[in-house]
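An overview of the molecular structure
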Amino acid sequence: MTEILTSLQQVSNQKLNHLLPIKNGSKKDDCAQTASTSSSGMGIIKAMKRVVLVQAGSVWGSGIIMDAVKGVILTCRHVVKSAINSQVQVRIDFPLRHWKVADVVFCTKMSSPLDLAVLQLQNTQYLNLTDLEIASNYEKGQDVCVVGHALFPRELSMQPSITYGVLSNLVTVGDNPILLQSTCAVHSGASGGPLLCAETGKLLGIVASNSKDTRSGASFPHVNFSIPMAAIQTALDDFIKSNNVQCLQMLNTSHKDIQRIWTLQDDILSEENHNSPQSRL
(Lines give C-alpha, C1' and ligand atoms only; values in the text may rest on other atoms or scores of the structure.)
Protein backbone atom coordinates (compact mmCIF):
# COMPACT_ATOMS: atom_id res chain seq x y z
CA MET A 1 0.00 0.00 0.00
CA THR A 2 1.22 3.44 -0.83
CA GLU A 3 2.47 5.11 2.33
CA ILE A 4 3.86 8.39 3.52
CA LEU A 5 7.59 8.90 3.04
CA THR A 6 8.64 9.83 6.51
CA SER A 7 12.02 11.32 5.70
CA LEU A 8 12.37 13.24 2.44
CA GLN A 9 15.83 14.59 3.15
CA GLN A 10 17.81 11.36 3.68
CA VAL A 11 19.54 11.80 0.33
CA SER A 12 21.86 14.26 2.11
CA ASN A 13 24.23 11.42 3.05
CA GLN A 14 24.50 10.09 -0.51
CA LYS A 15 26.93 11.02 -3.27
CA LEU A 16 25.35 13.19 -5.94
CA ASN A 17 27.82 12.39 -8.71
CA HIS A 18 25.37 9.98 -10.36
CA LEU A 19 22.71 12.66 -10.80
CA LEU A 20 22.45 14.17 -14.26
CA PRO A 21 20.48 17.26 -15.23
CA ILE A 22 17.30 16.54 -17.19
CA LYS A 23 16.15 19.01 -19.77
CA ASN A 24 12.49 19.90 -19.80
CA GLY A 25 11.01 22.24 -22.32
CA SER A 26 7.87 23.19 -20.41
CA LYS A 27 7.40 26.89 -19.76
CA LYS A 28 6.48 26.30 -16.15
CA ASP A 29 9.64 24.32 -15.48
CA ASP A 30 11.61 27.20 -16.99
CA CYS A 31 10.10 29.32 -14.24
CA ALA A 32 11.97 27.17 -11.71
CA GLN A 33 15.06 29.12 -12.67
CA THR A 34 13.54 32.60 -12.53
CA ALA A 35 9.99 33.36 -11.45
CA SER A 36 7.92 35.51 -13.78
CA THR A 37 7.90 39.22 -13.11
CA SER A 38 4.15 39.35 -13.81
CA SER A 39 1.78 40.21 -10.96
CA SER A 40 1.36 36.52 -10.15
CA GLY A 41 5.13 35.98 -10.38
CA MET A 42 5.75 38.81 -7.95
CA GLY A 43 3.62 37.00 -5.37
CA ILE A 44 5.79 33.91 -5.75
CA ILE A 45 8.96 35.99 -5.44
CA LYS A 46 7.70 37.62 -2.22
CA ALA A 47 6.93 34.22 -0.69
CA MET A 48 10.17 32.73 -1.98
CA LYS A 49 12.17 35.28 0.04
CA ARG A 50 10.79 33.64 3.19
CA VAL A 51 11.94 30.12 2.31
CA VAL A 52 14.94 28.94 4.30
CA LEU A 53 17.24 25.93 4.37
CA VAL A 54 17.12 24.11 7.71
CA GLN A 55 20.19 22.03 8.63
CA ALA A 56 19.88 19.56 11.50
CA GLY A 57 22.99 17.46 11.95
CA SER A 58 23.87 15.84 8.63
CA VAL A 59 20.43 16.20 7.08
CA TRP A 60 18.49 19.18 5.81
CA GLY A 61 15.10 20.33 4.72
CA SER A 62 13.18 23.51 4.04
CA GLY A 63 11.15 25.94 6.11
CA ILE A 64 9.26 29.21 5.79
CA ILE A 65 9.52 32.32 7.94
CA MET A 66 6.04 32.94 9.33
CA ASP A 67 6.89 36.01 11.41
CA ALA A 68 10.01 38.04 10.61
CA VAL A 69 9.81 40.22 13.73
CA LYS A 70 9.86 37.28 16.14
CA GLY A 71 11.83 34.96 13.86
CA VAL A 72 9.21 32.20 13.82
CA ILE A 73 9.76 29.48 11.22
CA LEU A 74 7.48 26.60 10.29
CA THR A 75 8.95 23.31 9.07
CA CYS A 76 8.43 19.55 9.51
CA ARG A 77 9.11 17.43 12.56
CA HIS A 78 11.20 14.91 10.61
CA VAL A 79 13.43 17.69 9.26
CA VAL A 80 14.68 18.59 12.76
CA LYS A 81 14.71 15.15 14.36
CA SER A 82 18.53 15.16 14.38
CA ALA A 83 18.75 18.58 16.05
CA ILE A 84 21.53 18.86 18.61
CA ASN A 85 20.50 20.42 21.92
CA SER A 86 17.23 21.45 20.28
CA GLN A 87 19.06 23.81 17.93
CA VAL A 88 19.42 23.88 14.15
CA GLN A 89 21.24 25.98 11.57
CA VAL A 90 19.07 28.08 9.28
CA ARG A 91 20.26 29.61 6.03
CA ILE A 92 18.40 32.77 5.00
CA ASP A 93 18.88 33.98 1.43
CA PHE A 94 17.21 37.42 1.56
CA PRO A 95 18.18 40.22 1.64
CA LEU A 96 21.63 38.62 1.90
CA ARG A 97 22.68 35.03 2.33
CA HIS A 98 23.66 34.26 5.91
CA TRP A 99 23.30 31.58 8.59
CA LYS A 100 21.52 31.87 11.90
CA VAL A 101 20.90 29.58 14.87
CA ALA A 102 17.30 28.66 15.65
CA ASP A 103 15.79 26.93 18.65
CA VAL A 104 13.36 24.08 18.09
CA VAL A 105 10.61 25.39 20.35
CA PHE A 106 7.97 22.83 19.40
CA CYS A 107 7.56 19.52 17.59
CA THR A 108 4.34 17.58 17.26
CA LYS A 109 4.40 14.19 18.92
CA MET A 110 5.20 11.16 16.79
CA SER A 111 1.63 10.03 17.40
CA SER A 112 0.31 13.16 15.71
CA PRO A 113 -0.35 12.81 11.96
CA LEU A 114 0.60 16.48 11.51
CA ASP A 115 4.34 16.38 10.90
CA LEU A 116 5.21 19.89 12.10
CA ALA A 117 7.89 21.79 13.99
CA VAL A 118 8.19 25.44 15.00
CA LEU A 119 11.58 27.14 15.16
CA GLN A 120 12.54 30.52 16.56
CA LEU A 121 15.61 32.41 15.45
CA GLN A 122 17.93 33.60 18.19
CA ASN A 123 18.67 36.73 16.16
CA THR A 124 16.32 38.43 13.70
CA GLN A 125 18.79 41.01 12.39
CA TYR A 126 18.66 41.59 8.61
CA LEU A 127 15.15 40.16 8.28
CA ASN A 128 13.26 42.66 6.15
CA LEU A 129 10.24 40.92 4.67
CA THR A 130 6.83 42.01 3.46
CA ASP A 131 3.71 40.58 5.07
CA LEU A 132 3.01 36.93 4.37
CA GLU A 133 -0.33 36.27 2.70
CA ILE A 134 -2.25 33.15 3.74
CA ALA A 135 -4.82 31.61 1.42
CA SER A 136 -8.33 31.50 2.84
CA ASN A 137 -9.74 28.90 0.46
CA TYR A 138 -8.65 25.97 -1.68
CA GLU A 139 -9.90 24.88 -5.07
CA LYS A 140 -9.23 21.47 -6.56
CA GLY A 141 -7.49 21.91 -9.92
CA GLN A 142 -5.98 25.31 -9.11
CA ASP A 143 -2.40 25.97 -10.20
CA VAL A 144 0.09 25.60 -7.35
CA CYS A 145 3.84 25.52 -6.83
CA VAL A 146 6.27 24.17 -4.26
CA VAL A 147 9.37 26.12 -3.20
CA GLY A 148 12.15 24.34 -1.35
CA HIS A 149 15.75 23.20 -1.14
CA ALA A 150 15.23 19.84 -2.83
CA LEU A 151 17.85 17.21 -3.69
CA PHE A 152 21.07 19.20 -3.56
CA PRO A 153 22.95 19.87 -0.29
CA ARG A 154 23.70 23.35 0.92
CA GLU A 155 27.01 23.54 -0.95
CA LEU A 156 25.16 23.19 -4.27
CA SER A 157 21.76 24.65 -3.47
CA MET A 158 22.37 28.36 -3.85
CA GLN A 159 18.67 29.19 -4.00
CA PRO A 160 15.42 27.28 -3.53
CA SER A 161 13.91 25.58 -6.56
CA ILE A 162 10.33 25.99 -7.77
CA THR A 163 8.17 23.23 -9.24
CA TYR A 164 4.65 23.68 -10.59
CA GLY A 165 1.55 21.51 -10.69
CA VAL A 166 -2.10 21.52 -9.69
CA LEU A 167 -3.96 20.90 -6.48
CA SER A 168 -5.17 17.42 -7.37
CA ASN A 169 -7.09 16.66 -4.20
CA LEU A 170 -8.42 18.34 -1.08
CA VAL A 171 -9.31 16.07 1.82
CA THR A 172 -11.48 17.36 4.63
CA VAL A 173 -12.77 16.12 7.96
CA GLY A 174 -16.18 17.65 8.29
CA ASP A 175 -15.71 21.04 6.67
CA ASN A 176 -12.07 21.36 7.75
CA PRO A 177 -9.25 20.86 5.21
CA ILE A 178 -6.77 18.36 6.58
CA LEU A 179 -4.67 17.24 3.58
CA LEU A 180 -3.69 18.77 0.26
CA GLN A 181 -2.44 16.60 -2.60
CA SER A 182 -0.55 18.19 -5.47
CA THR A 183 1.21 17.14 -8.67
CA CYS A 184 4.27 19.34 -8.09
CA ALA A 185 7.53 17.41 -8.21
CA VAL A 186 8.61 16.97 -4.59
CA HIS A 187 12.01 15.49 -3.80
CA SER A 188 14.25 15.02 -0.77
CA GLY A 189 14.91 18.33 0.95
CA ALA A 190 11.57 19.92 0.03
CA SER A 191 9.96 18.89 3.32
CA GLY A 192 8.86 21.91 5.35
CA GLY A 193 8.73 24.17 2.32
CA PRO A 194 5.60 26.04 1.25
CA LEU A 195 2.86 24.99 -1.14
CA LEU A 196 1.78 28.24 -2.80
CA CYS A 197 -1.03 29.41 -5.02
CA ALA A 198 0.68 29.95 -8.38
CA GLU A 199 -1.59 32.88 -9.22
CA THR A 200 -1.17 34.92 -6.06
CA GLY A 201 1.78 33.46 -4.14
CA LYS A 202 -0.47 32.97 -1.11
CA LEU A 203 0.55 30.22 1.30
CA LEU A 204 -1.68 27.14 1.03
CA GLY A 205 0.19 24.63 3.17
CA ILE A 206 3.43 23.03 4.31
CA VAL A 207 4.92 20.18 2.27
CA ALA A 208 5.16 17.07 4.44
CA SER A 209 5.79 14.08 2.16
CA ASN A 210 5.61 12.41 -1.18
CA SER A 211 4.61 8.77 -1.55
CA LYS A 212 6.20 5.43 -2.32
CA ASP A 213 5.25 1.87 -3.07
CA THR A 214 6.41 -0.40 -0.24
CA ARG A 215 6.59 -3.41 -2.54
CA SER A 216 8.86 -1.96 -5.22
CA GLY A 217 10.43 0.85 -3.21
CA ALA A 218 9.63 3.29 -6.01
CA SER A 219 8.75 6.83 -4.97
CA PHE A 220 6.26 9.09 -6.72
CA PRO A 221 7.41 12.73 -6.53
CA HIS A 222 4.30 13.94 -8.37
CA VAL A 223 2.03 12.43 -5.71
CA ASN A 224 2.73 14.48 -2.62
CA PHE A 225 0.96 15.81 0.43
CA SER A 226 0.89 19.09 2.32
CA ILE A 227 -0.65 20.16 5.61
CA PRO A 228 -3.19 22.95 4.94
CA MET A 229 -2.60 26.25 6.70
CA ALA A 230 -6.26 26.07 7.74
CA ALA A 231 -5.24 23.24 10.09
CA ILE A 232 -2.28 25.17 11.50
CA GLN A 233 -3.05 28.88 11.45
CA THR A 234 -5.05 29.35 14.65
CA ALA A 235 -2.48 27.62 16.86
CA LEU A 236 0.44 29.36 15.16
CA ASP A 237 -1.15 32.82 15.38
CA ASP A 238 -1.87 32.32 19.07
CA PHE A 239 1.76 31.31 19.67
CA ILE A 240 3.13 34.30 17.75
CA LYS A 241 0.94 36.70 19.71
CA SER A 242 1.57 35.20 23.15
CA ASN A 243 4.92 33.39 22.79
CA ASN A 244 3.24 30.61 24.77
CA VAL A 245 4.28 27.21 23.42
CA GLN A 246 1.18 25.65 24.98
CA CYS A 247 -0.83 27.27 22.19
CA LEU A 248 0.77 24.83 19.78
CA GLN A 249 -0.38 21.72 21.64
CA MET A 250 -3.61 21.65 19.65
CA LEU A 251 -1.50 20.45 16.70
CA ASN A 252 -1.00 17.18 18.59
CA THR A 253 -4.28 15.87 17.28
CA SER A 254 -5.32 12.27 17.92
CA HIS A 255 -8.44 12.44 15.77
CA LYS A 256 -8.89 8.94 14.30
CA ASP A 257 -10.14 10.16 10.92
CA ILE A 258 -7.15 12.47 10.57
CA GLN A 259 -4.84 9.61 11.55
CA ARG A 260 -6.35 7.35 8.88
CA ILE A 261 -6.12 10.02 6.21
CA TRP A 262 -2.47 10.79 6.85
CA THR A 263 -1.44 7.12 7.00
CA LEU A 264 -3.61 6.28 3.98
CA GLN A 265 -5.33 3.57 5.96
CA ASP A 266 -8.60 2.01 4.97
CA ASP A 267 -10.72 0.12 7.47
CA ILE A 268 -12.21 -1.90 4.61
CA LEU A 269 -8.89 -3.59 3.84
CA SER A 270 -8.64 -7.08 5.27
CA GLU A 271 -6.35 -10.09 5.14
CA GLU A 272 -8.49 -11.55 2.35
CA ASN A 273 -7.63 -8.77 -0.10
CA HIS A 274 -4.11 -8.18 1.20
CA ASN A 275 -2.59 -9.12 -2.17
CA SER A 276 -4.87 -6.87 -4.19
CA PRO A 277 -3.80 -3.36 -5.26
CA GLN A 278 -4.12 -1.17 -2.17
CA SER A 279 -3.23 2.29 -3.38
CA ARG A 280 -6.07 4.77 -2.92
CA LEU A 281 -4.36 7.43 -5.03
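Thresholds applied
- Residues numbered from 1 in each chain as written.
- Predicted model: local features only at pLDDT ≥ 70, side-chain atom pairs only at ≥ 80, totals over all residues.
- Heavy atoms only, no water.
- Core = buried A, V, L, I, M, F, W, Y, C linked by side-chain atoms within 4.5 Å.
- Buried < 20%, exposed > 50% of the residue type's maximum accessible area, 1.4 Å probe, protein only.
- Helix = DSSP H or I, 4+ residues; strand = E, 2+ residues; numbered from the N terminus.
- Contact = heavy atoms within 4.5 Å.
- Phe/Tyr/Trp six-rings, centres within 6.5 Å; stacked < 30°, edge-to-face > 60°.
- pLDDT = per-residue confidence, 0-100.
- Arc of directions from axis to C-beta.

Bringing the nonpolar core into the picture now. Core analysis: the biggest nonpolar cluster contains 72 residues, and Leu74, Val88, Val90, Leu119, Leu236 and Trp262 have the highest contact counts within it. At five residues, the largest contribution of residues to this core is made by strand β12 (residues 203–212). In contact with leucine 119, other than residues within four places in its own chain, are Val54, Gly71, Val72, Ile73, Thr75, Val80, Val88, Val90, Ala102, Asp103, Val104 and Val105.

Counting across every chain of the model gives one aromatic pair. Between phenylalanine 225 and tryptophan 262 the ring centres are 6.5 Å apart and the planes differ by 70°, which places this aromatic pair in the edge-to-face class. Of this pair, phenylalanine 225 sits in strand β13 (residues 219–228) while tryptophan 262 sits in helix α4 (residues 256–262), and the two are 37 residues apart along the sequence. We classify tryptophan 262 as buried; its relative accessible area is 5%.

Our focus in this paragraph is the confidence of the model for the chain. With 77% of its residues at a pLDDT of 70 or more, the chain shows a mean pLDDT of 82. Note that residues 1–37 has pLDDT below 50 and, in this model, 76 contacts with residues that lie over four places away or in other chains. Confidence drops under a pLDDT of 50 for residues 266–281, and excluding neighbours within four residues, the segment shows 20 contacts in the predicted structure.

Time to look at helix α3 (residues 233–242). For α3, every residue scored as buried is listed here: Gln233, Ala235, Leu236, Phe239 and Ile240. Buried residues of α3 fall within an arc of 165° about the axis and therefore sit on the same side. Buried residues along α3 sit against β3 (59–67), β4 (72–75), β6 (98–107) and β7 (117–121). Two residues or fewer after α3 comes asparagine 243, characterised by a positive phi angle close to 60°.

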